[in-house]
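Analysis of the macromolecular model
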Amino acid sequence: MSADSQILVVEDEATIRLIWERFLNRWGYQVDMAENGQVGLDRAREHAYRLIITDLAMPVLGGQELVRTLKAEQPDLEIIVTTGQGTIEIAVEMMKAGVSDFITKPINFGSAEYVIKKCLENVQAKRENIRLRRINRDLEELNKIKEKFIAITSHELRTPVSIIGNIVQALEPSMDGTEEASMIRMIGSASEQLREIVTEMHEISALNSEKISLQPSRFAFQPLCEEVDVEFQLVIEERGHRLNWYVPEHLSIRVDRAKIKKVLRELIQNAIKFTNDGGEITVRAANNENGEFELTVTDTGIGIPHDERKWIFGLFYEVSDTLHHHSSKSQFGGGGMGIGLAIVNDIVAAHQGRVTVDSEVGRGSRFRVTIPQPGPGSGA
Ligand code: ADP
């Protein structure tokens, strides 16, 4: 018995065994032989064959018994039975018991080669399938651990981070004019960065743990844009960008206000980060001819390579090397955790909408959000 054998032939007639061996070797298979069902069973228990070819009528232990025992012990094992004219019904019965195929005697070795090849391909596909299922199960497990880690860490970090922030706030006025004042300010800005990270982590675990719950209402969109414009004014000025708004004064939409504000903020934040100083960022909003609210944020920034575009909406994905970005969120190429667009995507999807991106490397990007709006007769 060879350690590399892939196929076991169980056949009581010595001449047929010899012919099988010749042909199988010629087709490139390593093969073992057994002269009856009992020897076949013992070998199949000792060695992991990819395929068993067995005769049906044999002394000591017949093929039917062998098949039933092996299928009970190794359900995934591929078995082909060889059968004479008189036992075709039994072969069909055997197929119901899990046999992969049968070959009639006298054996036509041309078609036998095809049947065996097909069977072994089947084995390969089954193994691949099992391997992929296992990988998938491991990935799901890893994902659960990751979600748990983020949830626990963000929860545990919240309190100390807010304590540091509060102490800095309390100390700042009394430090004015002292040597330590600038250090306290540095601690303040570092703890602010930490607070933002913790908030983002908390948002991810909220996304992970539940479907986003929406509180839609109808409201005028322009005032929301003004609020966002004020928030970014300082950064826009610092970076020498221009932030243009094209939002009709009477545009009213029905969405979750806080969540859409988050979407707009994330898109503008990215446009600021990924556009060289002195760039142009343009926000347009309107109800389009398909009855959808349409929002676009366009920048004149670095753009996104075509093959990266399908990844950027996934969690923790950043096009550039994460290790080389700045920690400031407003600087060119500034840092993030690669979650902004994942949040945008989930919020928009929760509104039954979609977000897409057009981009040209070196020229800029345009993110487009469309969200269906209730028809005029709906009263919403
Ligand atoms: P991050 O926290 O890194 O900004 P996002 O999920 O918001 O995470 O974005 C994922 C990645 O998509 C970014 O790291 C960046 O590589 C790319 N990206 C997003 N917006 C833009 C943009 N306006 N211009 C160029 N690249 C962008």
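Nothing here was measured: the structure is a model prediction, and the numbers come from that model. (Residues numbered from 1 in each chain as written. Predicted model: local features only at pLDDT ≥ 70, side-chain atom pairs only at ≥ 80, totals over all residues. Heavy atoms only, no water.)

**Topic: the packing of helix α8 (residues 257–273) against helix α9 (residues 340–350)**
Where we set the bar: Axes here refer to lines fitted to C-alpha atoms; in helices the fit is confined to the stretch in contact. Angles between the N-to-C directions go from 0 to 180 degrees. In this description a helix means any DSSP run of H or I spanning at least four residues, a strand means any run of E spanning at least two, and both kinds are numbered starting from the N terminus. Crossings are assigned a handedness: left-handed for a near helix turned anticlockwise from the far helix by less than a right angle, right-handed for a clockwise turn. Note on contacts: a residue pair is in contact if any heavy atoms of the two residues lie within 4.5 Å. Classification used: nonpolar for Ala, Val, Leu, Ile, Met, Phe, Trp, Tyr, Cys and Pro, charged for Asp, Glu, Lys and Arg, polar for all others including Gly.
Following both chains from N to C, one finds α8 and α9 inclined at 145 degrees, their axes separated by 9 Å at the closest point. Handedness of the α8/α9 crossing: left-handed. Contact with α8, carried on its side by K259, K262, V263, E266, L267 and N270, involves G340, L341, I343, V344, I347 and V348 of α9 and no other residues of that element. Among the residues making up the contact of α8 with α9, the classes are represented as seven nonpolar, two polar and three charged.

**Examining the domain arrangement of the chain**
When the parts of a complex come together, some accessible area is lost, and that lost area is often taken as the interface size. As a reminder, the rule being used: Each domain span listed reflects an automatic or database assignment of domains. The term buried area refers to how much accessible surface (probe radius 1.4 Å) is lost by two components on association, counted for both of them together. Basic side-chain nitrogens of Lys or Arg form a salt bridge, by our definition, when they fall within 4 Å of a carboxyl oxygen of Asp or Glu.
Considered domain by domain, the chain is made up of domain 1 (7–107), domain 2 (138–208) and domain 3 (216–371). Each of domain 2 and domain 3 has a C-alpha centre, and these two points are 24 Å apart. Between domain 2 and domain 3, the residue contacts involve eleven residues of the former and nine residues of the latter. Buried surface at the junction of domain 2 and domain 3, summed over both partners, amounts to about 910 Å²; 64% is from carbon and sulfur atoms. There are zero salt bridges connecting domain 2 and domain 3.

**Considerations on the pattern of salt bridges**
In plain terms, the rule: Any residue under 20% of the maximum accessible area for its type is buried, any over 50% is exposed, and the rest in between are partly exposed; the area is computed with a 1.4 Å probe on protein chains only.
Tallied over the full model, the rule gives 18 salt bridges. As a salt-bridge pair, E73 and R45 come within 2.5 Å of each other at their nearest N and O atoms. Placement of the pair is E73 in helix α3 (residues 63–73) and R45 in helix α2 (residues 37–46), with a sequence separation of 28 residues. Across the pair K117 and E121 runs a salt bridge whose closest N-O atoms are separated by 3.6 Å. You can see K117 and its partner E121 sitting in helix α5 (residues 109–175), four residues apart, about one turn around the helix. Relative accessible area serves as the criterion here: at 46%, E121 is assigned to the partly exposed category. Within the structure, one salt-bridge network assembled from shared partners comprises E227, E231, R257, K261 and R265.

**Let's talk about the site of the ligand**
Rules: We call a residue near a molecule or strand as soon as one heavy atom of that residue lies within 4 Å of the molecule or strand. For this analysis, a polar contact is any N or O atom pair within 3.5 Å, provided that within protein one partner can donate a hydrogen and the other can accept it, and provided that sequence-adjacent residues contribute only side-chain to side-chain pairs. The protein chains shown are the only cover counted for residues, whose accessible areas, like all others here, come from Shrake-Rupley with a 1.4 Å probe.
The environment of the ligand is made up of 18 residues, and the closest members are N270, K273, D299, E318 and L341. Measuring from an oxygen atom of the ligand, one finds a side-chain N or O atom of N270 at 2.8 Å. Taken by itself the ligand offers 530 Å² of open surface, and the protein chains cover 97% of this. Going through the elements one at a time, α8, α9 and β12 (364–372) are the ones with two or more residues in the shell around the ligand. Within the shell around the ligand, the residues separate by chemical class into nine nonpolar, six polar and three charged.

**Focus: the packing of helix α1 (residues 14–26) against α5**
Here is the rule: The cut-offs work like this: below 35 degrees is roughly parallel, past 145 is roughly antiparallel, 65 to 115 is roughly perpendicular, and the gaps in between are oblique.
Where α1 meets α5, the axes come as close as 11 Å, and the angle between the chain directions of the two elements is 60 degrees. The pairing of α1 with α5 is recorded here as oblique in orientation. Remark: the crossing between α1 and α5 carries right-handed chirality. Across the interface between the two elements, I19, W20, F23 and L24 from α1 touch F109, A112 and I116 from α5. Residue composition of the contact of α1 with α5, grouped by class: seven nonpolar, no polar and no charged.

**Quick look at helix α7 (residues 221–239)**
Three- or four-residue spacings in an α-helix give side chains the same orientation, since the helix completes a turn every 3.6 residues. We count it as follows: Expected span of a helix, by definition, is 1.5 Å for each gap between consecutive residues, and there is one gap fewer than residues. Axes are fitted to the seven residues ending at a residue and to the seven starting at it; the angle between these axes is taken as the bend at that residue.
Helix length check: α7 (19 residues) gives 26 Å between terminal C-alpha atoms against 27 Å at 1.5 Å per residue, within 8%. The largest bend in α7 is about 50 degrees, located at F232. Among all positions in α7, only F221, L224, C225, V228, F232, V235, I236 and R239 are buried. Contacts made by the buried residues of α7 are with β6 (216–220), β7 (242–246), β8 (252–256), α8, β9 (280–287) and β10 (292–299). Residue G240 follows α7 closely and has a positive phi angle near 70 degrees.

**Considerations on the nonpolar core**
The line we're drawing: By nonpolar core we mean a set of buried residues, namely Ala, Val, Leu, Ile, Met, Phe, Trp, Tyr and Cys, connected to one another through side-chain atoms within 4.5 Å.
F221, L264 and I268 are the most contacted members of the largest nonpolar core, which totals 44 residues. Counting contributing residues, this core receives three or more from each of domain 2 (138–208) and domain 3 (216–371). The residues touching L264, leaving out its near neighbours within four places in the chain, are F221, L224, C225, V228, W245, V283, L295 and V297. In terms of nonpolar packing, the next biggest core, distinct from the first, is built from 21 residues, I16, W27, I103 and I107 among them.

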